[in-house]
Amino acid sequence: MSEQDDNILDVQGLSKLFPIRKGFLRRVVGNVQAVKDVSFQVRRNETLGLVGESGSGKTTLGRTLVRLIKPTSGQVILSQLGKTPLDLTKLKQSELKAVRVDCQIIFQDPRSSLNSRMSVGDIIAEPLNIHKTGTKASRLARVRELLELVGMSANDATRYPHEFSGGQRQRIGIARALSLNPKLIICDEPVSALDVSVQAQVLNLLKRLQKELGLTYVFITHDLGVADYMCDRIMVMYLGRLVEVASKEDLYSRPQHPYTAALISSMPDVNVKPGAKREILQGQIPDPANPPPGCRFHTRCKYVKDICRTKVPELEKAKNSTTLVACHLSDELNIKTSI
């Protein structure tokens with residue numbers, strides 16, 4: 001199998017701009033650049049992480065991948081074995097229904113993503129009903145199977161979301177995402193709304209399901225500890241752009257971008273070396289409606305030079321590494337972290 005055949009998703013030049021409207025006539029006076037010129041590939045059966053601060057565009061990117069948000073430009077090519085590759089950005093709304101069988105999303109907040117007026121069984125069966133899959137009896141059997149698959153009782157189908165804890169509600173959301181047997185799932189901060197004691201249970205469940213069902217995850221999180229546990233490769237996003245893409249091992253041992261190093265340095269670590277200095281990231285993430293020119297990170301980077309203020313760095317392979325990095329100075333920096 002070629003490297004191209006091994007990709008389930010191929011994203012090229014993806015951008016999403018949200019118009020800013022003002023005045024009585026609601027004229028467009030600017031744009032919020034939530035995602036700007038993002039390109040990457042997702043390999044089959046891997047977990048590709050997407051990390052960054054709040055406001056970096058992670059959720060917008062994730063929802064754009066499955067066309068919950070229509071992109072402004074770019075391509076999202078979905079390749080399933082035995083099927084013709086599809087550019088999701090070109091599909092009409094009516095054509096997207098068939099794509100939902102192949103790719104689903106798990107939302108961040110299980111409380112708001114589950115309809116409180118529907119029983120658990122109806123929530124999980126809703127995708128099956130929409131796609132007219134099987135008979136009423138087979139759908140009920142599928143619901144009971146999915147509940148047991150995610151570690152719940154088949155009898156929970158008659159209960160309602162408010163009767164469950166946050167971790168149980170997220171298990172219901174996972175069961176719903178699995179109902180149509182998708183191969184690609186976008187996990188949008190799936191454990192950030194849960195208690196720490198429950199997070200590990202849900203993460204272990206996702207790992208087990210991936211192994212048993214042959215799933216591919218795009219895993220969005222702001223927690224680099226979670227990304228370290230879950231992901232094979234990790235993309236680092238800053239103000240709508242990717243600044244680094246690397247294997248988990250390379251990212252944590254040899255970060256190539258100053259922003260990545262600052263994020264890693266901020267991770268809690270009981271084994272931190274005595275006297276080690278943490279990289280303190282100064283300032284706030286800039287306004288995406290008015291991003292700085294050149295490298296978007298230059299306003300907070302201690303290594304900044306004149307070229308960083310004027311020229312946008314390309315996401316290219318770093319010297320003596322397989323890591324992709326968007327930094328003019330990556331070849332001359334010797335970045336070290338405290339962990």
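Conventions and cut-offs
- Residues numbered from 1 in each chain as written.
- Predicted model: local features only at pLDDT ≥ 70, side-chain atom pairs only at ≥ 80, totals over all residues.
- Heavy atoms only, no water.
- Helix = DSSP H or I, 4+ residues; strand = E, 2+ residues; numbered from the N terminus.
- Rg over C-alpha atoms; globule rule 2.2 N^0.38 Å.
- Contact = heavy atoms within 4.5 Å.
- Areas by Shrake-Rupley, 256 points an atom, 1.4 Å probe, with all protein chains shown as cover.
- Lys, Arg positive; Asp, Glu negative; His and termini not counted.
- Charge placed at Lys NZ, Arg CZ, Asp CG, Glu CD.
- Buried < 20%, exposed > 50% of the residue type's maximum accessible area, 1.4 Å probe, protein only.
- Expected span 1.5 Å × (residues − 1).
- Pairing = 2+ DSSP bridges.
- Axes fitted to C-alpha atoms, helices over the stretch in contact; angles between N-to-C directions.
- Polar contact = N/O pair within 3.5 Å; in protein donor to acceptor, adjacent residues only side chain to side chain.
- Salt bridge = Lys/Arg side-chain N within 4 Å of Asp/Glu carboxyl O.
- Parallel < 35°, antiparallel > 145°, perpendicular 65-115°, else oblique.
- Left-handed = near helix turned anticlockwise from the far one by under 90°.
- Nonpolar A, V, L, I, M, F, W, Y, C, P; charged D, E, K, R; others polar.

Trainee: Would you mind going over the overall build of the protein chain in detail, with residue names and values included?
Mentor: When helices and strands are tallied, the protein chain shows 11 helices and 12 strands. A compact globule built from 339 residues would reach a C-alpha radius of gyration of about 20 Å, and the protein chain, at 21 Å, matches this within 12%. For the protein chain, the spread of C-alpha atoms along the three principal axes comes to 65 × 55 × 50 Å. Of the contacts made within the protein chain by residues no fewer than 6 positions apart, 65% connect residues no fewer than 24 positions apart. On the protein chain, roughly 17000 Å² of surface is accessible, and the fraction owed to carbon and sulfur atoms is 49%. Both charge centroids of the protein chain, one from 48 positive and one from 35 negative side chains, sit 5 Å from each other.

Trainee: Describe in detail helix α4 (residues 120–130), supporting the description with residues and values.
Mentor: Looking only at α4, the buried set comprises Val-120, Gly-121, Ile-123, Ile-124, Ala-125, Pro-127 and Leu-128. The inward-facing, buried residues of α4 abut α5 (136–149) and α6 (166–178). Directly beyond the C-terminal end of α4, a positive phi value near 55° is found at Lys-132.

Trainee: Lay out helix α7 (residues 196–213) with the relevant residues and their values.
Mentor: The terminal C-alpha atoms of α7, which comprises 18 residues, lie 26 Å apart, in line with the 26 Å expected from a rise of 1.5 Å per residue. Where α7 is buried, its residues meet β3 (47–51), β6 (103–106), α5, α6, β8 (216–220) and α8 (224–230). Two residues or fewer after α7 comes Gly-214, characterised by a positive phi angle close to 70°.

Trainee: Outline the sheet that holds strand β4 (residues 73–78), supporting the account with residue identities and numerical values.
Mentor: Strand order across the open sheet formed by four strands is β2-β1-β4-β5, with antiparallel pairing between neighbours. On the outer flanks of this sheet lie β2 (27–43) and β5 (86–87), each paired with one strand and no other. Across two bridges, the pairing between β4 and β5 is antiparallel. Note on β5: the bridge partner recorded for Leu-78 is Leu-86. Contacting β1 (7–22), β2 and β4, helix α1 (residues 58–65) crosses the sheet at an angle of about 120° to β1.

Trainee: Describe the environment of Ser-116, and please don't skip the residues or the numbers.
Mentor: Assignment of secondary structure puts Ser-116 in the loop between α3 (110–113) and α4. For the pair formed by Ser-116 and Pro-161, sequence separation is 45 residues and the distance between their alpha carbons is 5.8 Å. Filtering out sequence-adjacent residues up to four positions away, Ser-116 remains in contact with Tyr-160 and Pro-161.

Trainee: Lay out the side chain of Gln-33 in plain terms, naming residues and giving numbers.
Mentor: With respect to the element layout, Gln-33 can be found in strand β2. Within the local environment of Gln-33, its side chain forms a polar contact with the side chain of Arg-296, the two groups lying 2.4 Å apart. Not counting residues within four places of it along the chain, the set of residues in contact with Gln-33 comprises Lys-16, Leu-17, Leu-239, Gly-240, Pro-288, Pro-291 and Arg-296.

Trainee: Quick one: what's the story with the pairing of strand β10 (residues 241–247), residue by residue and with numbers?
Mentor: Burial of β10 is extensive: five of the seven residues sit out of reach of the surface. With six bridges joining them, strand β9 (residues 233–238) and β10 adopt antiparallel strand pairing. Directly across from Arg-233, in β10, lies its bridge partner Ser-247. The antiparallel pairing of β9 with β10 creates a hairpin that spans two residues between the two strands, and Leu-239 there sits at a positive phi of about 50°.

Trainee: Please give an account of the pattern of salt bridges that cites residues and values.
Mentor: If you walk through the whole model with that rule in mind, you get 10 salt bridges. For Glu-212, the salt bridge is made with Arg-208, and the minimal N-O distance between the two is 3.3 Å. On the criterion of helical spacing, the pair formed by Glu-212 and Arg-208 is a turn pair, its members being four residues apart in helix α7. A salt bridge links Arg-309 to Asp-306; the shortest N-O distance between them is 3.2 Å.

Trainee: Please give an account of the pairing of β1 that cites residues and values.
Mentor: Where β1 and β2 come together, 12 bridges link them in antiparallel fashion. Bridging across to β2, Lys-22 finds its partner in Arg-27. The loop that links β1 with its antiparallel partner β2 comprises four residues; one of these, Gly-23, has a positive phi angle of about 85°. Strand direction decides the pairing type here: β1 and β4, joined by five bridges, are antiparallel. Pairing of Val-11 across the sheet is with Val-76, part of β4.

Trainee: Mind laying out the packing of α6 against α7, listing which residues take part and the relevant values?
Mentor: Across the interface, α6 lies against α7 with an axial gap of 10 Å and an inter-helix angle of 20°. By the angle class used here, α6 and α7 are roughly parallel. Crossing geometry of α6 relative to α7 is assigned as right-handed. Where α6 approaches α7, its residues Gly-167, Gln-170, Arg-171, Ile-174 and Leu-178 are matched on the opposing element by Val-198, Gln-201, Val-202, Leu-205, Leu-206, Leu-209 and Leu-213. Of the residues that constitute the contact of α6 with α7, the class distribution is eight nonpolar, three polar and one charged.

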